Amino acid sequence: MIFDKDKLSIFNKEETPFYYYDIELLERTLDAAKSAADKRNFHIHYALKANFNDRILAVIQSKGFGADCVSGNEVQKAIDVGFPASQITFAGVGKSDKEISTALRHNIFAFNVESIQELEVINELAIKEGVKANVSLRINPNVDANTHHYITTGLDENKFGVPNTELEKAASVLEDCTHINLVGLHFHVGSQILDLEVFKNLCIKVNQWKGWFEDRGITIKVINVGGGLGVDYNQPDNHPIPDFESYFDVFDKFLDRTAGQEVHFELGRALVAQCGSLISRVLYTKSGAKKNFLILDAGMTELMRPALYQAYHKIERIGADENVPKLHYDVVGPICESSDSFGKDIELPISNRGDMIAIRTAGAYGEVMASRYNLREEIRYFYSE
Ligand SMILES: *Cc1c(COP(=O)(O)O)cnc(C)c1O
């Protein structure tokens, strides 16, 4: 995705800030993921929480992906845009009774259950609805994702999943749950994982836990290994599409599969991050004793990741001439918080009021985290075609 003078002339007609989505890149990314998965007979559920923009969802749904949801409203949204209920999973440590009932009525593929108490509640609600709930047990495998601690989920100190010390009890509770059908096991260790060793370690743990259940005569039809594959935030144009082949290869190689056993994935970021950019205009420039500031019309209310996780996003001037001298800037937003900054000491062509800036790799956990703090405008978006 090149932000050249042609793009500048298109964008210049638009009110900023807005999200720009490259639908062609999204489609190529989805095709690469789908063909790498199909080749190995793997199933992918798209994690809606990464981006539930209607157009993006429609494209993903049309390519035959399943959906991975983390709230009752996401389950309803997935149904509304046409994902088949038989391909919808529902995870989350705190599912409310209302959310569980919504998902039960749709007869989704599986609840990813995160505690023993939740098992009991789902069983009770299934009795009330007169249905059987399909359930995967989310096991906390204690695998270090080597990622930012805010996006690590599979360690003993994290809140997610049934603690592995409780599995004995979970297995016996399951036996008493007349309205639960155990379909499999679920794992998800974190996000933005680029070290494939992490997934190999996950496979080893999954094999152990799977064996633990099978030794007790419990059939595991589905192994769901979650998502978490990372993207290149530093060089989005060099790696616009993640290496799905190598990723799936790890699971193909290291995961034990018995006949008829299905392997499922829940990818979010890897599918949608690179197709989105946040487009903004410089409102003001100022230079103090220590710093040069570029003050944008976009802030943490449009893209929260830098403020929330100290996340890095590449920042570019759109359509700048090559020979413009460069300067180091702190690139900040207009929101009344010191954490409202997109990057410190970023080298950019000398910029002026009205110049356009792209904040790259913003398609995942960007628009969906937008807020109205400071009573900001509703977020806008614009598609490539
Ligand atoms: C967020 C989440 C995902 C997707 O994670 P990515 O890092 O975006 O791939 C998958 N599964 C569960 C349970 C999640 O909470």
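The present account deals with the structure reproduced in this document. All of these numbers come straight from a predicted model, not from anything done at the bench.

### Section: the nonpolar core
Then step 1. Counting residues in hydrophobic clusters, the biggest one holds 105 residues, and the most contacted among them are Phe111, Leu137, Phe248, Phe251 and Leu271.
Then step 2. For this core, the leading source of residues is helix H8 (residues 196-215), giving 8 residues.
Then step 3. When residues of this core are assigned to domains, at least three map to each of domain 1 (5-18 + 274-384) and domain 2 (23-272).
Then step 4. Leave out the neighbours within four places in its chain, and Phe111 touches Phe90, Lys95, Ile100, Ala103, Leu104, Ile122, Ala133, Asn134, Val135 and Ser136.
Then step 5. In terms of nonpolar packing, the next biggest core, distinct from the first, is built from 10 residues, Phe3, Ile279, Met356 and Phe382 among them.

### Comments concerning the site of the ligand
Then step 1. Surrounding the ligand, one finds 15 residues, the nearest of these being Lys49, Ser191, Glu266, Arg269 and Tyr365.
Then step 2. Note that an oxygen atom of the ligand is positioned 2.8 Å from one of the side-chain N or O atoms of Lys49.
Then step 3. Within the contact set of the ligand, an oxygen atom lies 2.3 Å away from a side-chain nitrogen or oxygen of Ser191.
Then step 4. Relative to its free-state accessible area of 380 Å², the ligand is covered by the protein chains to the extent of 94%.
Then step 5. Considering only residue class, the shell around the ligand consists of 4 nonpolar, 6 polar and 5 charged.

### Section: the state of the cysteines
Then step 1. One pass over the full model with this rule turns up 0 disulfides.
Then step 2. Free of any disulfide, Cys275 has its nearest cysteine sulfur in Cys69, 19 Å distant.
Then step 3. Taking relative accessible area as the criterion, Cys275 reaches 3% and is therefore assigned buried.

### Points about the environment of Leu327
Then step 1. Here Leu327 shows up in strand E13 (residues 326-332).
Then step 2. Apart from residues no more than four positions distant in its own chain, Leu327 is found in contact with Asn292, Ile346, Glu347, Leu348 and Ile350.

### What to know about the pairing of strand E2 (residues 42-47)
Then step 1. Burial of E2 is extensive: 5 of the 6 residues sit out of reach of the surface.
Then step 2. Judged from the 5 bridges that link them, E2 and strand E9 (residues 262-267) form a sheet pairing that is parallel. Paired with His45 across the two strands is Glu266, which belongs to E9.
Then step 3. Relative to strand E3 (residues 66-69), E2 runs parallel, the two being bridged by 3 bridges. Looking across to E3, one finds that His45 is bridged to Gly66.
Then step 4. Handedness of the β-α-β unit built from E2, helix H3 (residues 54-62) and E3 comes out right-handed.

So, how was this worked out
- Residues numbered from 1 in each chain as written.
- Predicted model: local features only at pLDDT ≥ 70, side-chain atom pairs only at ≥ 80, totals over all residues.
- Heavy atoms only, no water.
- Core = buried A, V, L, I, M, F, W, Y, C linked by side-chain atoms within 4.5 Å.
- Buried < 20%, exposed > 50% of the residue type's maximum accessible area, 1.4 Å probe, protein only.
- Helix = DSSP H or I, 4+ residues; strand = E, 2+ residues; numbered from the N terminus.
- Domains from an automatic or database assignment.
- Contact = heavy atoms within 4.5 Å.
- Near = heavy atom within 4 Å.
- Polar contact = N/O pair within 3.5 Å; in protein donor to acceptor, adjacent residues only side chain to side chain.
- Areas by Shrake-Rupley, 256 points an atom, 1.4 Å probe, with all protein chains shown as cover.
- Nonpolar A, V, L, I, M, F, W, Y, C, P; charged D, E, K, R; others polar.
- Disulfide = S-S within 2.5 Å.
- Pairing = 2+ DSSP bridges.
- Right-handed = clockwise from strand over helix to strand, strands pointing away.

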